[in-house]
Amino acid sequence: MACKFIVFSIGLALALGIVHETGHAGEWGKYQVEDRRSGYTYRTKETRAMQDDDFQNPGMALVDEGEALWSMVDGKAGKSCASCHQDASVTMRGVGAVYPKFDIGLGKLKNIEQQINTCRTGQMQATPWKWEKGQLLAMTVYVRHQSRGMPMNVKVDGSAAPFFEKGKAFYNERRGQLDMSCGSCHEAYPGTRIRADMLSQGQGHSFPTYRLKWQKVGSLHRRFRGCNKQVRSKPYKYGSDEYVNLELYAGWRARGLPIETPALRN
Amino acid sequence: MTHKFVLVTAFLVALVAHGFSIANAVESSKIVQYVVVDEDSLPSLNVPAILQSLTGKKGDPANGRKVVINRKKGNCLACHVMPISEQPYHGEVGPELNGVASRYQEGELRLLLVNAKFINEDTIMPAFYRNSGFNRVHKKFKGKTILSAQQVEDVVAYLMTLK
């Protein structure tokens, strides 16, 4: 009887093992929608556990910094973000899911960083914050964090369509001395090891992200620059039209996946 | 004489077939010119090949092994499992290279390294001996090949040891 039980458990373990090896729809819960899997699912158990625990995730420090900046008065108009937008957990909820977004005044897309700086220079009459510096990163994390768990839902039709098409073309265009497109890695080989790293689907919903390699939170444009440089191509500038269009495409690749900001990656 | 002509024709056909413009061919003149032979002109081949050493010299397999490991040179381990056990984490984007010398002839391996796109246009594998026709190359690498002609020969010699 005991013997039979052991055989049964081994059988069950094997069966479970096989299920784990090959994977099946829904295995990753909310981190998988149809064939789209978040970068989260390609990371190790340890890295995922660190992201899951707000006390261990060092990116959470920027949520606090952003919160402090939210009500800090700055600029000639004597206003803070809160003067116009009050409680961020109400007014900013959902914003992170739909940016970058077509802006009629600009006639092109605008991302969250650019919207923050538009508010600073326009409404607050304050100086714009610099890309990749503490304050702009912290505020972008704080705004995006208000939508944590909400599904990515960028608009790619209507006025956004031509910019979406440009972003998509960029994703599929070979570049650099190594002559690779984003898709060469992220469409052709997700789930495959490239040296020690496992390739994900190259989506944008987790940014700004804390990267262990950077020992810091970084923007999606920083990631784009890194991926451009590793194929020995000249990167574009932070906030360039090329990267904002690419951001829309990378956001669309994550449609339906929950916003993770600040995620944790290696 | 006739033989030479056949090879050159095969080379031109290969160039045209792979969409190289004449301008690219001219710009590439800083690198060693090579002749691509295809299966039609040499039926013993399974894929197109470069029969002659790029430098006229034999490669050094021990140096080739160093080149394939070096992340700034071949960085082949990024994508291939190879019998180099002292290096952790071999990539799995391309096929394992153990036994590759029994699957390919020397000239075929040389072409695979020089520019694998002669064989598969869509491949992710970089062309290790090509210096033009790229899009938005970082200025540090403009007009340069990833490997020198002799390094290509060294890597070929190393791969030929993987029977």
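Computed from a predicted structure; not experimentally measured.

About the criteria used
The numbering scheme is per chain: residues are counted from 1 as the chain's sequence reads. Note on labels: chains are lettered from A, ligands numbered from 1, in written order. In keeping with the predicted nature of the model, local features appear solely for residues at pLDDT of at least 70, side-chain atom pairs appear and are counted solely at 80 or more, and the whole-chain, interface and lining totals rest on all residues. Where side-chain values are given, they derive from all heavy atoms of the structure, hydrogens and water being excluded. We call two residues in contact when some of their heavy atoms are within 4.5 Å. By definition, the buried area sums, over both parts, the 1.4 Å-probe accessible area that each loses when the two are put together. Throughout this description, the term salt bridge denotes a Lys or Arg side-chain nitrogen within 4 Å of a carboxyl oxygen of Asp or Glu. Pairs of N or O atoms are called polar contacts if they sit within 3.5 Å, as long as, within protein, a hydrogen donor faces a hydrogen acceptor (for residues adjacent in sequence, only side-chain-to-side-chain pairs). In this text, helices come from DSSP runs of H or I with a minimum length of four residues, and strands from runs of E with a minimum of two, each type numbered from the N-terminal end. Each residue gets one label: Ala, Val, Leu, Ile, Met, Phe, Trp, Tyr, Cys and Pro are nonpolar, Asp, Glu, Lys and Arg are charged, and the others, such as Gly, are polar. Note on pairing: DSSP must find at least two bridges between two strands before they are called paired. Working convention: axes come from line fits to C-alpha atoms, limited for helices to the stretch in contact. Angles between N-to-C directions cover 0 to 180 degrees. The cut-offs for exposure are 20% and 50% of the maximum accessible area for each residue type, with area from a 1.4 Å probe on protein chains only; residues under the lower value are buried, those over the upper are exposed, and the others partly exposed. We define the nonpolar core as a collection of buried residues of types Ala, Val, Leu, Ile, Met, Phe, Trp, Tyr and Cys that are connected through side-chain atoms lying within 4.5 Å of one another. Where each domain begins and ends follows an automated or database-derived domain assignment. The pairing test for Phe, Tyr and Trp rings, Trp by its six-membered ring, is centres within 6.5 Å, and the orientation test on the planes gives stacked under 30 degrees, edge-to-face over 60, and tilted for anything in between. Think of it as a cone above the ring: NZ of Lys or CZ of Arg counts as a charge over the ring if it is within 6 Å of the ring centre and within 35 degrees of the ring normal.

Trainee: Help me understand the interface of chain A and chain B, please; the structure alone is not making it clear to me.
Mentor: At the junction of the two partners, chain A supplies 22 residues and chain B supplies 30 residues. With both chains or domains summed, chain A and chain B bury close to 2,300 Å², and 52% of this area falls on carbon and sulfur atoms. Summed over the three residues of chain A that lose the most area to chain B, namely Q177, R195 and R232 of chain A, the buried surface amounts to 40% of that side. Linking chain A with chain B are two salt bridges, by the criterion used here. Linking chain A with chain B are 19 residue pairs in polar contact (both at pLDDT 80 or more), by the criterion used here. Listed by contribution, the elements that provide at least two residues to the side of chain A that touches chain B are α10 (182-186) and β5 (193-194) of chain A. A class-by-class count of the residues in the side of chain A that touches chain B yields eight nonpolar, six polar and eight charged.

Trainee: What's the story with unusual backbone geometry in this structure? I'm lost.
Mentor: All names here are of chain A. Cis geometry marks the peptide bond from Y99 to P100; its omega dihedral reads 0°. With respect to the element layout, P100 can be found in the loop between α6 (95-98) and β3 (101-103). Geometrically, the link from T261 to P262 is a cis peptide bond, its omega value of -5° lying close to zero. With respect to the secondary-structure elements, P262 resides in the loop between α12 (241-252) and β9 (263-265). Positive phi is not limited to glycine here, since E34 has a value of about 50°. Note that E34 resides in the loop between β1 (32-33) and β2 (36-37).

Trainee: Whenever I open this one, the sheet that holds strand β8 (residues 216-218) of chain A confuses me. Can you help?
Mentor: Within a sheet, each strand pairs with its neighbour through backbone hydrogen bonds, oriented either parallel or antiparallel. All names here are of chain A. Across the sheet, which stays open at both edges, the three strands sit in the order β8-β7-β9 with mixed pairing between neighbours. Lying at the two open borders of the sheet, with one neighbouring strand each, are β8 and β9. Strand-to-strand twist of the sheet, defined as the mean angle between neighbouring strand axes without regard to direction, takes the value 35°. Where strand β7 (residues 209-211) lies against β8, three bridges are found, and the strand directions are antiparallel.

Trainee: Explain the pattern of salt bridges here, please?
Mentor: Two side chains carrying opposite charge are able to pair once their charged atoms lie near each other. For the coordinates displayed, the defined rule picks out 15 salt bridges over all chains. Across the pair R43 of chain A and D197 of chain A runs a salt bridge, and its minimum N-O distance is 3.3 Å. Of this pair, R43 of chain A sits in the loop between β2 and α2 (45-52) while D197 of chain A sits in strand β6 (residues 197-198); the two residues are 154 residues apart in sequence, bridging distant segments of the chain. A relative accessible area of 12% means that R43 of chain A is categorised as buried. Overlapping salt bridges, with partners in common, bring together D179 of chain A together with K117 and R130 of chain B in one network.

Trainee: Just to check I follow, could you spell out the nonpolar core for this structure?
Mentor: In a soluble, globular protein the nonpolar side chains are often hidden away together inside. Within the largest apolar cluster, 41 residues are counted, with the highest numbers of intra-cluster contacts made by V68, M82, V152 and L159 of chain B. Mapped by element, the contributors of at least two residues to this core are α3 (61-69), α5 (106-115) and α6 (149-159) of chain B. If one sorts the elements of this core by residue count, α6 of chain B sits on top with six residues. Not counting the four nearest positions on each side in its chain, V68 of chain B is found in contact with G74, N75, C76, L77, M82, I84, V155 and Y158 of chain B. If you look at the next biggest cluster of nonpolar residues, it comprises 24 residues, including A97, L109, A160 and C182 of chain A.

Trainee: Would you mind going over the domain arrangement of chain A with me for this structure?
Mentor: Many descriptions give the size of an interface as the accessible area lost when the pieces come together. All names here are of chain A. Split by domain assignment, chain A resolves into domain 1 (35-44 + 152-265) and domain 2 (60-145). A C-alpha centroid distance of 22 Å is found between domain 1 and domain 2. Between domain 1 and domain 2, the contact holds 26 residues from the first and 23 residues from the second. For the domain 1 and domain 2 pair, buried surface summed over both sides reaches about 2,000 Å², with 66% attributable to carbon and sulfur atoms. Per-residue buried area on domain 1 facing domain 2 is highest for F163, V244 and P262; these three make up 21% of the total on that side. The partner of D241 in a salt bridge is K108, and the shortest N-O contact between them spans 2.9 Å. On the surface where domain 1 and domain 2 come into contact, there are eight residue pairs in polar contact (both at pLDDT 80 or more). Elements that contribute at least two residues to the side of domain 1 that touches domain 2 include exactly β8, α11 (220-230) and α12. For the side of domain 1 that touches domain 2, the leading source of residues is α12, giving five residues. A class-by-class count of the residues in the side of domain 1 that touches domain 2 yields 12 nonpolar, 10 polar and four charged.

Trainee: I tried to follow the packing of aromatic side chains on my own but got confused; where do I start?
Mentor: One pair of aromatic rings is described through two measures. These are the centre distance and the angle between the planes. Residues and elements named next belong to chain A. This structure, assessed with the given rule, holds 12 aromatic pairs over all chains. Through a chain of ring-to-ring contacts, three or more aromatic side chains come together here, namely F164, Y171, Y249 and W252. Note that R211 overlies the ring of W214, its terminal NZ or CZ placed 4.9 Å from the centroid. Cation over ring: R225 sits above Y238, and NZ or CZ is 5.0 Å from the ring centre.

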